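# Observations on chain architecture
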Amino acid sequence: MPELRRDPIYGRWVIIATERAKRPMEFPREDDPPANESDCPFCEGHEGKTPPEIMAYRPSGGAKDGPGWWVRVVPNKFPALQTEGDLNHRGEGVYDWMDGVGAHEVIIEGPAHTHQFHELEAAKAEDVLWSYRERILDLKKDPRMQYILIFKNHGKAAGASLSHPHAQLIALPMVPVLVKQELSGGRQYYEFCKRCLFCDLISQEINVKTRLIEENEGFVSFAPFAGRFPFECWIVPKRHESHYENSPKNILVQCSGILRSTLKRMDVVLKNAPFNYIIHSAPLREESMASFHWHIEIIPKLTQVAGFEWGTGCYINPTPPENAADYLRRAVDSGASTGHGSR
């Protein structure tokens, strides 16, 4: 059983993944050979190589765990957390820990091995984002779960062990420290200004334009003013909504358009660089929050986090966000835009 251990100084939780225990010589190196694509468990026709599916989008009457699907969700074969058991929260002196109860799922974005998210048909990409919503709403019924993170690792340097396009979901029995910091920042601004920080941020980026990458009816895509990494981008809904899972279909359609377009721009400018994207949403047990917007953060892996960053939490970004936004805006001339109303 994995464990969740709390750092008493920082207040952050760490998953001790006992099921993934490795000896020193077992950690992968950058020069490890790629896996044989013919053995990819996420490709159509290889459904028997994954655990039984949790849900899938396929034609009516299609057989479960068979071909014909266009989005498929399965448990992670090597989960960081397990759904079985109780939290069994306990302490020893200054240390607190609990059993590693949670959920760890894989969202396979399509049957084709090489079609990235931005290359999907619009309707298929929209279904990927809708599947995230469905899984959050289902896991939200479990009172043990406090927070759900959707994330995608693209490329080996970004942590992907399989190149077949997929995202992951981890449901946690606590709220991560980084999310608490975002919530706290929004709450402090709201208490002082009586306005939502995210609403004001969106308005300013649209007006200033130097960091704006594009916008459509429902979303803005921009390079954050104090971006930690070169070409970091945020996608934020204009509609005030703190919980991703409360977004209606038309909003996720708009989100899919601008996410596809932004990723295409990155692909054109950065030549298929590895990246992570994460969806930060409000904690599951919070009511609608006046001080927070759910959002997507896209982080290309172009630089290494080294001693200074680890020691200070202060990042060195060699590309001014204004320059990054300009490169990405101009990528539309190469046919990057797939969103509606982009500019």
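Scroll up a little and you will see the structure.
All values reported here derive from a predicted model rather than from experimental measurement. All residue numbers refer to position in the chain's written sequence, counted from 1. Owing to the predicted nature of the model, reporting of local features is limited to residues with pLDDT of at least 70; listing and counting of side-chain atom pairs is limited to 80 or more, with chain, interface and lining totals taken over all residues. Hydrogens and water are ignored here; the side-chain numbers use all heavy atoms of the structure.

## Side note on the side chain of S242
Its place among the elements puts S242 in the loop between strand 12 (233-237) and helix 4 (249-270). Side-chain atoms alone can form a polar contact between residues adjacent in sequence; in general such a contact is a pair of N or O atoms within 3.5 Å, and within protein one must be able to donate a hydrogen while the other accepts it. At 3.0 Å, the side chain of S242 forms a polar contact with the backbone nitrogen of M289. A contact between two residues is defined here by any heavy atoms of the two lying within 4.5 Å. Dropping the residues within four chain positions of it, S242 is found in contact with S281, A282, E287, S288, M289, F292, H293 and W294. Helix and strand assignments come from DSSP, with helices taken as H or I runs of at least 4 residues and strands as E runs of at least 2, each series counted from the N terminus.

## Describing the sheet that holds strand 11 (residues 219-222)
Two strands qualify as a pair provided that DSSP identifies no fewer than 2 bridges between them. Strand order in this open sheet of 10 strands is 3-4-7-9-8-13-14-12-11-10, and the pairing throughout is antiparallel. Every other strand in the sheet has two partners, leaving strand 3 (55-57) and strand 10 (212-215) as the edge strands with one partner each. Each adjacent strand pair in this sheet contributes to an overall mean axis angle of 20°, direction not counted. Here 6 bridges tie strand 13 (residues 275-280) to strand 14 (residues 295-300), and the two strands are oriented antiparallel to one another. Note on geometry: axes are C-alpha line fits, over the in-contact stretch for helices, and angles between N-to-C directions span 0 to 180 degrees.

## Some remarks on the packing of aromatic side chains
Any Phe, Tyr or Trp ring, taking Trp's six-membered ring, that has another such ring centre within 6.5 Å forms a pair; planes under 30 degrees apart are called stacked, those over 60 apart edge-to-face, and the others tilted. The final tally for this structure, using the stated rule, is 7 aromatic pairs. Where F198 meets F292, the ring centres are 5.3 Å apart and the plane angle is 75°; that geometry is what we call edge-to-face. Taken together, the residues span a long stretch of sequence, with F198 in helix 3 (residues 197-208) and F292 in the loop between strand 13 and strand 14 at a distance of 94 residues. Each residue is placed in one exposure class: buried if its accessible area under a 1.4 Å probe, protein chains only, is under 20% of its type's maximum, exposed if it is over 50%, and partly exposed if it falls in between. On the basis of relative accessible area, F292 is assigned to the buried category, the value being 0%. With 4.8 Å between their ring centres and 80° between their planes, Y244 and W294 make a pair best called edge-to-face.

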